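What the coordinates show
Letter by letter, the chains look like this.
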Amino acid sequence: MKHYAFADKFRALYDKAVKLFASGKTGAGTYFDADEQAFLAANGLSAQNLYDYAEDHNNYGEPGYDRALQIETIRRDYFLNAQKGKASTTVIDATKMPGKTDTVKGIEWLPRIIPKTKAKLRGELPDSLMYSCGGDRNFFKQHDINPAEFLSLVWRNENNDDAIIDWVVARSATAKK
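This write-up is about the structure you can find in this document. (Residues numbered from 1 in each chain as written. Predicted model: local features only at pLDDT ≥ 70, side-chain atom pairs only at ≥ 80, totals over all residues. Heavy atoms only, no water.)

Here's the deal with the nonpolar core
Just so we agree on the cut-off: Residues enter a nonpolar core if they are buried and are Ala, Val, Leu, Ile, Met, Phe, Trp, Tyr or Cys, with the set joined through side-chain atoms within 4.5 Å. Burial classification: accessible surface area is computed with a 1.4 Å probe over protein chains only, and a residue below 20% of its type maximum counts as buried, one above 50% as exposed, and the rest as partly exposed. Labels follow the DSSP assignment, with helices taken as runs of H or I lasting at least four residues and strands as runs of E lasting at least two, numbered in each case from the N terminus. A contact between two residues is defined here by any heavy atoms of the two lying within 4.5 Å.
Residues Phe10, Phe32, Leu40, Leu50, Leu110, Phe139 and Phe150 are the most contacted members of the largest nonpolar core, which totals 48 residues. Of all elements in the fold, only helix H1 (6–22), helix H2 (34–42), helix H3 (47–60), helix H4 (64–82), helix H5 (110–122), helix H6 (134–142), helix H7 (147–156) and helix H8 (161–175) reach the threshold of two or more residues within this core. No other element matches the seven residues that H1 contributes to this core. Those residues within four positions of Phe32 in sequence are excluded, and the remaining contacts are Leu13, Lys16, Ala17, Gln37, Leu40, Ala47 and Leu50.

Comments concerning the packing of H5 against H7
Note the following rule: Only the stretch in contact is used when fitting a helix axis, every axis being a line fitted to C-alpha atoms; angles between N-to-C directions are given from 0 to 180 degrees. Roughly parallel here means an angle under 35 degrees, roughly antiparallel means over 145, roughly perpendicular means 65 to 115, and every remaining angle is called oblique. Under the convention adopted here, Pro, Cys and the residues Ala, Val, Leu, Ile, Met, Phe, Trp and Tyr are nonpolar, Asp, Glu, Lys and Arg are charged, and Gly plus all remaining residues are polar.
Running from amino to carboxyl end, H5 crosses H7 at an angle of 80°, the nearest separation of the two axes being 9 Å. Between H5 and H7, the interaxial angle falls into the category roughly perpendicular. Contacts between H5 and H7 involve Leu110, Ile113, Ile114, Thr117, Lys118, Lys120 and Leu121 on the former and, on the latter, Phe150, Leu151, Val154 and Trp155. Of the residues assigned to the contact of H5 with H7, the class counts are eight nonpolar, one polar and two charged.

What to know about H1
Selection rule: The span you would expect from a helix comes to 1.5 Å times its residue count less one. In this context, the arc is that of the directions from the helix axis out to the C-beta atoms.
Between the first and last C-alpha of H1 there are 24 Å, a value that for 17 residues agrees with the 24 Å anticipated at 1.5 Å per step. Looking only at H1, the buried set comprises Phe6, Phe10, Leu13, Tyr14, Ala17, Val18 and Phe21. Buried residues in H1, looked at end-on, bunch into an arc of 140°, giving them a common side. Away from its buried face, by an angle of more than 90 degrees, H1 presents the exposed residues Asp8, Lys19 and Ala22. Residues of H1 that are buried in the fold lie against H2, H3 and H4. Following H1 by one or two positions, Gly24 has its phi on the positive side, about 100°.

The structure is reproduced here in structure tokens:
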């Protein structure tokens with residue numbers, strides 16, 4: 001594995017996915033050859049991650065390469081250090097996620113994004129869910145939170161949802177000023 005060149009290789013695969021999606025090719029499993037898929041797996045990522053970024057890049061112009069790299073660098077760090085390079089065998093059940101309109105301390109989406117972010121961190125999102133999807137991005141914009149910043153916050157407070165909630169409440173208050 002080449003750690004120093006991670007961002008360069010990620011950029012090449014990101015750009016490839018964006019071009020393939022723009023050309024009309026669909027299906028995450030069709031985007032990358034065996035070596036590219038091995039690189040992704042060795043770094044705790046999947047073809048689906050890049051496919052989701054490519055789809056939203058082409059359809060909405062977001063989250064973009066810079067945010068994708070920030071997010072996946074934190075995921076990679078968690079994978080290599082907290083998980084010791086071993087992929088989780090768990091995939092969360094998307095039907096058991098809190099609702100999109102559920103609230104905590106008056107903040108909509110927060111009950112949903114906390115377990116979703118934990119699943120992203122651990123590599124446990126099903127293909128049907130994307131971290132930093134349109135709904136997530138609306139939440140992040142409304143509360144002035146960088147998606148990678150939130151992923152890092154959740155890692156630091158992985159077993160303390162109250163600390164995550166309190167941080168978001170405080171950030172949200174400053175975002176509204």
